[in-house]
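# Examining the three-dimensional arrangement
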Amino acid sequence: MSRRDTQFDTAQSVAGGERSAEEIVRECFERITTTDVDLHAMLSHDADRSIALARTVDAARASGQPLGPLAGVPLAIKDNMCTTFGATTCGSKMLERFESPYSAHVVERLEDAGAIIIGKTNLDEFAMGSSTEHGAFGATRNPWNTARVSGGSSGGSAAAVAAGLVPAALGSDTGGSVRQPAAFCGVVGLKPSYGRVSRYGLVAFGSSLDQIGPLTLDVRDAALMLGVIAGHDARDSTSVNQPVPDYVAELDQPLAGVRIGISDEYFGDGLDDDMRTTVMNAIELMRDEGAKIVSINLPHMKYSVACYYVIATAEASSNLARFDGVRYGYRTATPTGVVDMYESSRGEGFGEEVKRRIMLGTYALSSGYADAYYLKALAVRTLIKRDFDNAFEHVDVIASPTTPTAAFALGENAGDPLAMYLQDIYTISANLAGVCAISLPCGHSPTNLPLGLQLMGPAFGEERLLSVAHQYQRHTDHHRKAPPSASAA
Amino acid sequence: MTTLDEHTVRHVAKLARLKLSDEEVRAFQEQLTAIMDHFALLDEVDTTGVEPTAHALAIDNVLRDDVVQAPLPTEQTLRNTPARHGDHFQVPKVLNQESS
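Conventions and cut-offs
Residues numbered from 1 in each chain as written. Chains lettered and ligands numbered in written order. Predicted model: local features only at pLDDT ≥ 70, side-chain atom pairs only at ≥ 80, totals over all residues. Heavy atoms only, no water. Buried < 20%, exposed > 50% of the residue type's maximum accessible area, 1.4 Å probe, protein only. Helix = DSSP H or I, 4+ residues; strand = E, 2+ residues; numbered from the N terminus. Contact = heavy atoms within 4.5 Å. Buried area = accessible area lost by both parts, 1.4 Å probe. Salt bridge = Lys/Arg side-chain N within 4 Å of Asp/Glu carboxyl O. pLDDT = per-residue confidence, 0-100. 1 Å grid on protein atoms, 1.4 Å probe; cavity = no way out; pocket = protein on both sides within 12 Å on 5 of 7 lines; lining within 4 Å. Points joined across faces, edges and corners; volume = space filled by probe spheres on them. Core = buried A, V, L, I, M, F, W, Y, C linked by side-chain atoms within 4.5 Å. Phe/Tyr/Trp six-rings, centres within 6.5 Å; stacked < 30°, edge-to-face > 60°. Lys NZ or Arg CZ within 6 Å of the ring centre and 35° of its normal.

Residues and elements named next belong to chain A. Of all the residues in helix α4 (residues 105–112), the buried ones are His105, Val106, Val107 and Leu110. Along its buried surface, α4 packs onto β2 (74–78), β3 (116–121), β6 (168–173), β8 (211–216) and α7 (219–229). Trailing α4 by a residue or two, glycine 114 shows a phi angle of about 95°, which is positive.

The following block contains the structure:
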């Protein structure tokens, strides 16, 4: 198996008997041993369990039993999704030894499809960050250049796929945490529409924004994986009961006649020149293939970072109140009383960025400020959502850069939290509006770092979104380029 | 915007049940001021008569049938607690403590 074999190819080679699942899984662990020392994409992995599961798949095939669509495919998932095996740490000292009593919905779905979850990937603590430098267990480095960040917060998943440790992985996206690391690492990252995938067992950050999505080598794999994880789950009351289409079967819809919206708001100040040129070239290519380019307006885009960080931190401050040192998680060694137990456990157990966001959210929700900040942000969110509703009356998808620049250097934004928040400027409005969005490789910078094209579609418009993205990939080979660290066997 | 004063930062930390070091308090005074300053951009937007959006879905309450389901077994529930007393979560004495 090559490091550029997709999930689709891997499943086919197992189903067709060309490769055994055991062989594939063993190879995957060899790659982790040789490559992950430099990257630190994985937080934990379990070779014995994975090989045992692979043998079950091989035995099932040998006895002629029907195999699931992902049978024998090794996958990694971000360590904020609960698994009954290993720990679920969220990259935090708070949950360093947390062993979940149940598995996330997506974990059940992947395992039912025959996939082998070989381990958990690194992230910014509690998924709060844009660089995967903010975890308690160290940074994940970019496979294209290890002096650069992998993006975040799903940086471990993006780096693992880019480096060929696994053919695909899951991340979670609250403000761009799947798409931005996908762009930085040169892979495909999909944020499904809010409500498309159950959040049951995903440790909550911003409950009205969080969505789980695939990181893959190509769009077909994203379609395949979405088909497995999407659908209604009664355990998440925001999971929507809508049929799940056959996303792979719909990929071949032609680009001819597709209306692609572009908006000045995504091409303004702060956008790197190489990025602008590369993304405009990608849009030109789609025009050449018959797509119609339409100018649109998203007048409230410039308020999205402020709107998002008020709402996301408010929700985070509420969600993270559960970490009190009582039922699970870290407890301070010698509390002087119950209040000190709460305050010291949280003060010692959370890292700096998490504390900063809890402080921001608590302030924005506190008496005297809730109307000025929180309710104001919710009203602005309505206007941002209306901008998208209006735009999607005229276009099928919206095209933009995923990020303002290519991957930045480790430590570059460490001292300036606001500069880090502004990295999310092109991705967060999709979360606020609840629409679906995908990032795909569209070229490389002069220093050979991947650049990402973002396509956004209306809520529950994944079929069209994926088909446009797939058609773009049919005419380009940016997604086939491997980083230096994946050139080893 | 004036810098958030130390009292406000300590008050918010108390509300959030976060013990902060003096250095953290000083750093947060500066950083939170800069970030809240950016948030003030929202004041430009006229939101008169605009309904708030709490989440992007057009659904309200979701109810299920009120059927008894098996809860997590006691051992599973207690396995992650940092301090256990029999079948209970153990915490420091609650009464006669500061109540704020």
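From this point, the narrative continues.
The next thing to look at is unusual backbone geometry. Residue and element names in this part refer to chain A. At the junction of glycine 152 and serine 153, the peptide bond is cis and its omega measures out at 10° in the coordinates. With respect to the helices and strands, the residue serine 153 is situated in the loop between β5 (145–149) and α5 (155–162). Even without a glycine there, the phi angle at alanine 127 is positive, about 70°. Despite not being glycine, threonine 132 shows a phi value in the positive range, around 50°. Residue position: threonine 132 is located in the loop between β3 and β4 (141–142).

In this assembly, 55 residues from chain B lie in contact with 67 residues from chain A. Regarding the contact of chain B and chain A, the summed buried area is about 5200 Å², with carbon and sulfur atoms giving 70% of it. Considering only the side of chain B, the residues that lose the most area to chain A are Phe39(B), Leu42(B) and Asn80(B), jointly responsible for 13% of the buried surface there. Linking chain B with chain A are six salt bridges, by the criterion used here.

Residues at a pLDDT of 70 or more form 93% of chain B, whose mean pLDDT is 90. Mean pLDDT across the secondary structure elements of chain B bottoms out at helix α2 (residues 22–39) of chain B, with 94, and peaks at helix α1 (residues 6–15) of chain B, with 97.

Residues and elements named next belong to chain A. Summed over the entire model, instances satisfying the criterion amount to four cavities of 30 Å³ or more. In this structure, the largest cavity occupies an estimated 70 Å³ of space. In this structure, the largest cavity is lined by 13 residues; those nearest its centre are Gly129, Ser130, Ser177, Tyr308 and Asp424.

All right, on to the nonpolar core then. Residue and element names in this part refer to chain A. By size, the foremost hydrophobic cluster in this structure holds 138 residues, and its most contacted members are Leu110, Phe126, Ile438, Leu453, Leu455 and Leu466. Aside from chain neighbours lying at most four places away, what touches leucine 110 is Leu70, Leu75, Ile77, Ala115, Ile117, Leu170, Met225, Val228 and Ile229. Listed in part, the 32 residues of the second largest apolar core include Val14, Val57, Ile116 and Leu217.

To continue, consider the packing of aromatic side chains. All names here are of chain A. The full count for this structure, using the stated rule, is 14 aromatic pairs over all chains. Consider the rings of phenylalanine 126 and phenylalanine 323, whose centres lie 5.0 Å apart with planes at 50°: the pair is tilted. Residue phenylalanine 126 is found in the loop between β3 and β4, and its partner phenylalanine 323 is found in the loop between α9 (304–319) and α10 (338–349); the two are separated by 197 residues along the sequence. By relative accessible area, which is 3% here, phenylalanine 126 ends up buried. You can call phenylalanine 323 buried: its relative accessible area is 4%. Geometrically, the ring pair formed by tyrosine 266 and tyrosine 426 is tilted, given 5.7 Å between the ring centres and 45° between the ring planes. With a gap of 160 residues between them, tyrosine 266 in the loop between β9 (259–263) and α8 (273–288) and tyrosine 426 in the loop between α13 (417–421) and α14 (428–433) connect regions that are remote in the sequence. One exposure class covers both tyrosine 266 and tyrosine 426, and it is buried. Among the aromatic residues, ring-to-ring pairing joins Phe98, Phe126, Phe323, Tyr328 and Phe350 into one connected group. The lysine or arginine in question, arginine 49, covers the ring of phenylalanine 85, its NZ or CZ lying 3.5 Å from the ring centre.

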